[in-house]
Amino acid sequence: MNISDFNKKAQIQKKDNQNFYKRLTNRPPKNLDNLFHEAHQTVFEKIDCLACANCCKTTSPIFYQRDIERASKALRLKPGAFIEKYLRIDEDQDFVLQQAPCVFLNSDNYCSIYNDRPNACREYPHTNRKKMQQILDLTYKNTLVCPAVLQITEELKKKLDL
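Nothing here was measured: the structure is a model prediction, and the numbers come from that model. (Residues numbered from 1 in each chain as written. Predicted model: local features only at pLDDT ≥ 70, side-chain atom pairs only at ≥ 80, totals over all residues. Heavy atoms only, no water.)

(A) Expanded view of the packing of helix α2 (residues 32–44) against helix α8 (residues 147–159). α8 packs onto α2 with a crossing angle of 130° between their chain directions and a minimal axis gap of 9 Å. The orientation of α2 relative to α8 falls into the category oblique. Classified by chirality, the crossing of α8 by α2 is right-handed. Here L35, F36, E38, A39, H40, V43 and F44 of α2 come into contact with α8, specifically with A148, Q151, I152, E155, L156 and K159. (Axes fitted to C-alpha atoms, helices over the stretch in contact; angles between N-to-C directions. Helix = DSSP H or I, 4+ residues; strand = E, 2+ residues; numbered from the N terminus. Parallel < 35°, antiparallel > 145°, perpendicular 65-115°, else oblique. Left-handed = near helix turned anticlockwise from the far one by under 90°. Contact = heavy atoms within 4.5 Å.)

(B) Highlighting the nonpolar core. Of all hydrophobic cores here, the largest spans 18 residues; its most connected members are Y21, L24, F36 and L156. At the level of secondary structure, the elements contributing two or more residues to this core comprise α1 (3–26), α2, α7 (136–142) and α8. Ranked by the residues each element gives to this core, the list is headed by α2, at five residues. Apart from the residues within four sequence positions on either side, F36 is in contact with Y21, L24, T127, M132, L136, T139, I152 and L156. (Core = buried A, V, L, I, M, F, W, Y, C linked by side-chain atoms within 4.5 Å. Buried < 20%, exposed > 50% of the residue type's maximum accessible area, 1.4 Å probe, protein only.)

(C) Layout of the packing of aromatic side chains. Within this structure, the stated rule accounts for six aromatic pairs. A ring pair is formed by F63 and F82, whose centres lie 5.9 Å apart and whose planes are at 50°; its orientation type is tilted. Here F63, found in the loop between α3 (54–58) and α4 (65–74), pairs with F82, found in helix α5 (residues 79–86); they are 19 residues apart in sequence, far enough to count as distant. As far as burial versus exposure is concerned, F63 and F82 are alike and both buried. (Phe/Tyr/Trp six-rings, centres within 6.5 Å; stacked < 30°, edge-to-face > 60°.)

Just geometry here; none of it tells us what the structure is for.
Put into structure tokens, the structure is as follows:
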């Protein structure tokens, strides 16, 4: 999917998706995790993240201490030097990248620290997790960043009568 087309589609569907996730939060089905996991599997059989990398281009993961230590070791930096060079503290008091796109994103959309990337990157877009009900707000926000999450949401809307 073309990112420009995705952004237009995500904006057009923004209010509807927001309402869908509110209803889903208020009346979650017992099999919510399974529904997400099935949709995740179906969508990611067709989507190649390397063709997109919109998440890396537009947002920053949270870097926890273990992420900082792992990435700084891979780059042969002390954790303090890594923080100073690449991170800032956001409004929630979390360490995030100083800027977007991600400094570790190469022109071919590969990550230069892929094996040592933050846990948030490893798990993104979080649609195959357990206890999806706990992150429905985040999942809604990700419909505006990730074409796969937007498609997963469309799959869920077809299956759920909310």
